[in-house]
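Take a look at the letters that make up each chain.
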Amino acid sequence: MSKGRVWNKGKRNGGGGPAAGTGYKEKLAATMQAEGKSVEVIDLKNPINQVQRMNRENWVERPVRVNREQPKK
């Protein structure tokens, strides 16, 4: 059986995802524009909508636990 004729095509097996422009968000945007409704625009300058690296400079480290050895009787 060739690579393109597999019944369970997936991410690593020749694609199988939706064609460009046929995804849910693109279809929704197209129907909203056709109906005359405004499409929601996300402001990426707003810090709430940004993804940034975590600030690890002010992290607090937990002290190491001390394992006390019990004296053998």
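Structure report, in brief. (Residues numbered from 1 in each chain as written. Predicted model: local features only at pLDDT ≥ 70, side-chain atom pairs only at ≥ 80, totals over all residues. Heavy atoms only, no water.)

### Notes on the overall build of the protein
So the rule is basically this: Secondary structure counts use DSSP, requiring at least four H or I residues in a row for a helix and at least two E residues in a row for a strand, with both numbered from the N terminus. Categorising residues by exposure relies on relative accessible area from a 1.4 Å probe, with only protein chains included: less than 20% of the type maximum marks a residue as buried, more than 50% marks it as exposed, and the intermediate range marks it as partly exposed. Accessible surface is estimated by sampling points in the Shrake-Rupley manner with a 1.4 Å probe; for residues, cover comes only from the protein chains shown.
Along the protein, the regular secondary structure elements total 1 helix and 0 strands. Out of the 73 residues belonging to the protein, those deemed buried represent 1%. Counting every atom, the protein has about 8400 Å² of accessible surface; 53% of that belongs to carbon and sulfur.

### Things to note about helix α1 (residues 24–35)
This is how the line gets drawn: Given the number of residues in a helix, its expected span is that number minus one, multiplied by 1.5 Å.
Counted at 1.5 Å a residue, the expected span for α1 with its 12 residues is 16 Å, and the 17 Å between its end C-alpha atoms agrees. Looking one or two places after α1, you find G36, whose phi comes out positive at around 90°.

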